[in-house]
Amino acid sequence: MLQRTIPIAILSLSGIILMLAYFSPLTTSWGETVLGWFNVLAAVAFVLGAGNLLRVNLERISAQRSGWAYSAITLVSFFAMLAFGLLKLGAVPSEKHPDKHFAGAYEGPTAPYGWMYEYVLSPLTATMFAMLAFYVASAAFRAFRAKNTESILLLGTAFIILIAQTAAGMFLTGWIPQDSVFAFLRFDSMKIAITEYIQTAGMRAITIGIALGVAATSLRLILGVDKSYLSKS
Amino acid sequence: MSDHGSNEPGPQVQAPRKSYRFLWLSLAVLGLSVFALRTASAAQAQGADPAAAQDLWKTIGIWCAAFMTLGILSFLYKDNPFYKVCESILIGVSAAYWMVNGFWSTLVPNLFAKLAPTTVREIALPDLPVSATPGTDMALAFVPLVLGFMLLWRLAPRGGWIAVWPLAFIIGTTAGMRLVASIEADLLAQTVATVRPLVAFDKATEAFDFWATVGAVTSVAGVLSVLTYFFFSVEHKGAVGATARLGVWFLMITFGSAFGLTVMGRITLLAQRFEFLFKEWLGIV
Amino acid sequence: MHEHNGSGSPSFLARLGGIDRRWIFLAMGLSIALPILLKLRFPEYPGPMAKATFDAIESVPEGSTVLVAFDYDPASAAELQPMANAMVHHCASRGHKIVFMALWPLGRQLADKAIEEVLLEFHPGLRYGTDYVQLGYQAGNEGVIKLMATNVPEQYKTDTKGTPLASLPLVAQIKSTADFALIASISAGYPGAKEWVQFAESANPEAFKLVCGSTGVQVSQLLPYYPKQLDGMLVAVKGAAEYEMLVEGKYPVEKNAERLGQGRVRMGPQLVAHMLMIGLIILGNIAMVAGRSRGGAR
């Protein structure tokens, strides 16, 4: 009962309320209440994520597994950031309520939390993703092989887009008048043809396919047919 | 380069070769000395001005950001302790960042403010509006409070089923939202966008528009052929097979274009990091 | 790297296939670093999607309230902040009132940055509360959009300064997303422009115009929505550069113009790096063919 029936009932009820809220204005406020709860739980999930991080790293430190010192660094930076943010250390006092410490602003770069965001978190995340530029180059050299019609189509399109997206496109074919019969040979025209007609069509079919999948899965969950989430405990 | 990018940090990190240790150490010492010199001279130049402290922190910040950037980039050469330290800091800081943001932006005004409005008003949100229905608000706020605690139960070693309740609620709400949205915005709207006249005429002159017609036919053929390719209930033979093959071609062009655009994105991100290093840190651009 | 041991000295091309990938990394690094150091700039020609975005913001009557959602983080800021900056300047120059928000926690500070570096820099006369408002971040992803589609004050109790929405003239009358004249999502993925289409546009299809700025990676996902569900779309940094040109053409600024030109600055490295990518793909294929013919001859 506690482990199966109630969760199934909760799932169906919340799903049905959200659907009803869409179809009937009378139930809109029900949907709003449920959404309010949902959004609060999304914030609780961040606490859960932090808790998980703590657990994993504390375990690693206590077992002195290889690289435990890095776990210690993770925990120190975690607690430092947490203290800066939750306690609003060094926050800029609120203009209207300077006497209330927790009404102050902690996000600007003059407060420790904002400083950490600006000079630690931002450069780290940005560089992490920037690294992909190198790997995409390496992958292009090693994996992109023109073996058959399909891969030639893929590579040919990639070439056209890569050229058309830069000034090279205009430099190479910009001299072809836009109203001439050969205008379709301009890289910018080819790019528009590819993205607007072919890529859009391809993605449209994929979107329709995904929509069908999402609708079917959602229905299976709400109707209680799919109970796989119960085993996640 | 078989070792590069591997997920086996142990041996290298535990016992880096002496030459590498020397390299990293000298890099760190060099960087720190330049940094100390720059900050000292900056502080001297500005005297005891209150704005000087802020500038000093900015200078320290830019140096810190530069070290973080170089630390991550150093992985390209090979996995090393400098990179691992930066990575560990990133994980710790970002987890705390998300949690703090969730706490102050959502939990305080949308949960605690309903449960204990007076306290929240006294401590953090002095201007919090007074609710017309405080009792109902409080009663309703107990639901996410209880569900939230149950969700956090996942961290406990026992009673895993307790966290399934909030999980069921999250899944149910998502399913309810998505069911309607995906049918409306994706299935129906995209189908409508597909079904359109195959022969196009110029809006102004009403003359037959060759390229617009080609475009319209291509779009419809693309959607139908790709859908045929995704349709596995019929064996891909004969006419169905040929259509599915056309669908694959459409998909390949789609992915080729997506690849080109992705490359562009990645390059931009790296360009911005270099801009930071050259402009804000070194000041050479 | 060592596939050719013991079978004679392989040709240069065949050996190329096994090149240490750090050389490729170096080439990529240089192809981006050099154009920045040499300040390479190339002309841009606004495409139809950038024009559509520009026109959508122009078409909304002066003084309308627009919502700009910062649905990204510093990892995508290189592509998206130039769009955000140009869009904020465009909206303010056109006389629109701007409400800022974020679906990504780290997006909130990027919105603050746009306010500080663009809005207050180029439009110092604008007043907080009547001309612009920063609502900040809320947890809940598409749940936030869905709730805002019917009840904005239920989602946002206060702005980022803790002021109740009812006390801010600009947003006091806003009940739902339908009360905005235009919504712009500067989007890096989930949650972002796709969710704005699914949960806000679908709920009120005719109520407001919806435009988006998208990262290169996300473009494919959003293409099917343009031009019916999305009125305009800025595609990657090229879209940003094109849009910057349109905005600068109509609303030029006197000083600090580089703040509205970051997209064009980042187009310089694109040309060189794209040519490198094409070269690498061709070289990789040549190396494969060379290696294969050598293998066949053996």
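Residues numbered from 1 in each chain as written. Chains lettered and ligands numbered in written order. Predicted model: local features only at pLDDT ≥ 70, side-chain atom pairs only at ≥ 80, totals over all residues. Heavy atoms only, no water.

Visitor: Quick question: what am I supposed to make of the nonpolar core here?
Guide: For soluble globular proteins, nonpolar side chains are generally found buried alongside one another. F70, M101, W196 and M233 of chain C are the most contacted members of the largest nonpolar core, which has 218 residues in total. The biggest single contributor to this core is helix α9 (residues 238-281) of chain B, with 18 residues. For M101 of chain C, the residues in contact, after removing those within four places along its chain, are L67, V68, A69, F70, Q134, L135, G136, V144, M148, Y156 and W196 of chain C. (Core = buried A, V, L, I, M, F, W, Y, C linked by side-chain atoms within 4.5 Å. Buried < 20%, exposed > 50% of the residue type's maximum accessible area, 1.4 Å probe, protein only. Helix = DSSP H or I, 4+ residues; strand = E, 2+ residues; numbered from the N terminus. Contact = heavy atoms within 4.5 Å.)

Visitor: What exactly am I supposed to notice about the packing of helix α5 (residues 132-143) of chain A against helix α2 (residues 21-37) of chain C here?
Guide: The geometry of a pair of packed helices is captured by two quantities: the angle between their axes and the separation between those axes. Running from N to C, α5 of chain A and α2 of chain C cross one another at 125 degrees; their axes reach a closest spacing of 9 Å. Between α5 of chain A and α2 of chain C, the crossing angle belongs to the class labelled oblique. Where α5 of chain A crosses over α2 of chain C, the two elements pack in a sense that is right-handed. Contacts between α5 of chain A and α2 of chain C involve A133, F134, Y135, A137, S138, F141 and R142 of chain A from the first element and R21, I24, F25, M28 and G29 of chain C from the second. Classifying every residue of the contact of α5 of chain A with α2 of chain C gives eight nonpolar, two polar and two charged. (Axes fitted to C-alpha atoms, helices over the stretch in contact; angles between N-to-C directions. Parallel < 35°, antiparallel > 145°, perpendicular 65-115°, else oblique. Left-handed = near helix turned anticlockwise from the far one by under 90°. Nonpolar A, V, L, I, M, F, W, Y, C, P; charged D, E, K, R; others polar.)

Visitor: Is there a simple way to think about the packing of aromatic side chains in this case?
Guide: The description of an aromatic ring pair rests on the distance of the ring centres and on the angle between the ring planes. In the structure shown here, the tally under the stated rule is 29 aromatic pairs over all chains. Relative to W104 of chain B, the ring of F102 of chain A has its centre 5.7 Å away and its plane inclined at 25 degrees; by these criteria the two rings are stacked. With F102 of chain A in the loop between α3 (68-86) and α4 (112-130) and W104 of chain B in helix α4 (residues 81-115), this residue pair bridges two chains. Residue classification places F102 of chain A among the partly exposed residues on the basis of a relative accessible area of 25%. Between the aromatic rings of F75 of chain B and Y83 of chain B, the centroid separation amounts to 4.5 Å while the plane-to-plane angle is 40 degrees, which identifies the pairing as tilted. You can call Y83 of chain B buried: its relative accessible area is 9%. Ring-pair connections join several aromatic residues into one group, and the members of that group are F102 of chain A together with F103, W104 and F112 of chain B. (Phe/Tyr/Trp six-rings, centres within 6.5 Å; stacked < 30°, edge-to-face > 60°.)

Visitor: When you look at helix α8 (residues 210-230) of chain B in this model, what are you seeing that I'm missing?
Guide: Each turn of an α-helix holds 3.6 residues, which means side chains three or four residues apart point in the same direction. Its 21 residues place the ends of α8 of chain B 30 Å apart at the C-alpha level, agreeing with the 30 Å of an ideal helix rising 1.5 Å per residue. In the core, the buried residues of α8 of chain B are packed alongside α8 (187-222) of chain A together with α7 (164-194) and α9 of chain B. At the N-terminal boundary of α8 of chain B, the capping side chain belongs to D209 of chain B, with an oxygen 3.4 Å from the backbone nitrogen of W211 of chain B. (Expected span 1.5 Å × (residues − 1). Polar contact = N/O pair within 3.5 Å; in protein donor to acceptor, adjacent residues only side chain to side chain.)

Visitor: Looking at this structure, I do not really get the interface of chain B and chain A. What am I missing?
Guide: Often, the extent of an interface is quoted as the loss of accessible area upon association of its parts. Taken residue by residue, the interface counts 121 residues in chain B and 107 residues in chain A. Between chain B and chain A, roughly 10500 Å² of surface is buried when both sides are summed, and carbon and sulfur atoms account for 81% of that area. The salt bridge partner of R245 of chain B is E150 of chain A, with a shortest N-O separation of 2.9 Å. Joining chain B to chain A, the criterion identifies 16 residue pairs in polar contact (both at pLDDT 80 or more). Elements represented by at least two residues in the side of chain B that touches chain A include exactly α1 (10-14), α3 (50-73), α4, α5 (117-123), α6 (134-152), α7, α8 and α9 of chain B. (Buried area = accessible area lost by both parts, 1.4 Å probe. Salt bridge = Lys/Arg side-chain N within 4 Å of Asp/Glu carboxyl O.)

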